[in-house]
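Residue-level listing of the chains:
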Amino acid sequence: MASPKRQLVVFDFDWSMSDQDTDRWIFEVLAPDLRRKMKTLKDQVQWTDLVGQSLREAFARGITKEQIIHTLQIMPFHPAMVRAVTELKNRGETTFLCLSNANSVFIKTILESKGLSNLFHEIITNPAEWDPSGLLKVSRRVDPSGPQHSCKVGCSPNMCKGEELEAFLSRQGIEYDHIAYVGDGTNDFCPILRLRSQDTIFCRTGRGLQKRIEKEGEQEGLKCNIQYWGGAWEIEEKFSKL
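For the structure given in this document, a descriptive report is provided here.

Analysis parameters
Residues numbered from 1 in each chain as written. Predicted model: local features only at pLDDT ≥ 70, side-chain atom pairs only at ≥ 80, totals over all residues. Heavy atoms only, no water. Helix = DSSP H or I, 4+ residues; strand = E, 2+ residues; numbered from the N terminus. Buried < 20%, exposed > 50% of the residue type's maximum accessible area, 1.4 Å probe, protein only. Contact = heavy atoms within 4.5 Å. Salt bridge = Lys/Arg side-chain N within 4 Å of Asp/Glu carboxyl O. Pairing = 2+ DSSP bridges. Axes fitted to C-alpha atoms, helices over the stretch in contact; angles between N-to-C directions.

## A look at the environment of Ala-31
- Along the chain, the position of Ala-31 falls in the loop between α1 (22-30) and α2 (32-41).
- Judged by its relative accessible area of 1%, Ala-31 falls in the buried class.
- When the C-alpha positions of Ala-31 and Ile-179 are compared, they lie 39 Å apart, and in sequence the two are 148 residues distant.
- Other than its neighbours up to four places away in sequence, Ala-31 contacts Ile-26, Arg-61 and Ile-63.

## Quick notes on the pattern of salt bridges
- Here the structure, examined in full by the defined rule, presents 18 salt bridges.
- The partner of Glu-236 in a salt bridge is Arg-83, with the nearest N and O atoms 2.7 Å apart. Pair noted here: Glu-236 is in helix α10 (residues 232-239) and Arg-83 is in helix α5 (residues 79-90), with a separation of 153 residues, a long-range link.
- According to the relative accessible area criterion, Arg-83 is partly exposed, its value standing at 40%.
- Here Glu-166 makes a salt bridge to Arg-194, at a shortest N to O gap of 3.2 Å. Here Glu-166 is found in helix α7 (residues 161-172), whereas its partner Arg-194 is found in the loop between α8 (189-192) and β7 (200-204), with 28 residues between them in sequence.
- Taking the relative accessible area as the measure of exposure, Glu-166 reaches 41% and is therefore partly exposed.

## A short note on the sheet that holds strand β2 (residues 94-103)
- Pairing within the open sheet is parallel, and its six strands lie in the order β3-β2-β1-β6-β7-β8. Looking along the sheet, the strands with just one partner apiece sit at the ends: β3 (122-126) and β8 (225-229). Taking the axes of each pair of neighbouring strands and ignoring which way they run, one obtains an average angle of 15° across the sheet.
- Inspection of the sheet shows β2 paired to β3 by four bridges, in the parallel sense. Residue Asn-103 lies in a different strand from β3, and its bridge partner there is Asn-126.
- Running at roughly 130° to β2, helix α6 (residues 104-113) makes contact with β2 and β3 of the sheet.
- Packing against the sheet, helix α9 (residues 208-216) makes contact with β6 (178-183), β7 and β8, and its axis sits at approximately 125° to β7.

By themselves, these observations are geometric and do not establish any function.
Here you go:
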């Protein structure tokens, strides 16, 4: 009898597992003027720092922890995605890893609201915590005052997803038969360059990752299989065949 296939599924979070961007969504709902300010400042201030700054401004004007939690709970998240990951997890041969530039509080709050608290073996993201006053403090995963990552492919300063994926695989010490990566953004390009020919990128269409694959994939030596999808119902179809 053949041994079961050991599989790793890596998820980006914003626009990959969820149908919105957590950092932008909460301000679009609770403080659209701060969302506009973020759009204006995004080329001048590092994004994670800008999210932290905007959260402090929201707190100063009286936006509460409860309002932020509620806004995360109502963020668009497709029922087909919940079904897809739950059914694959229940088959028992797949480990799930979250690799996201959001933050730990946003991701855990949303997963809890969808009954997915136990889905991921690890969530690798920017650290965040509520302080006793109700302010959400967010910081970079790679501290700006410490050693920086060495990525040359274009990862943002707070995290190189390629290095994080390799470090996770090293910690696990497991040779996975198949790695599937679900992503959409330009910063998902670096980790998929580490995938092998038997691995798969499930790339959401119409976003930055598709553009990088089409423009740079061949010259950067992208080896994995590429499958495109637009809606979570298509991920459900694809996961049923894994």
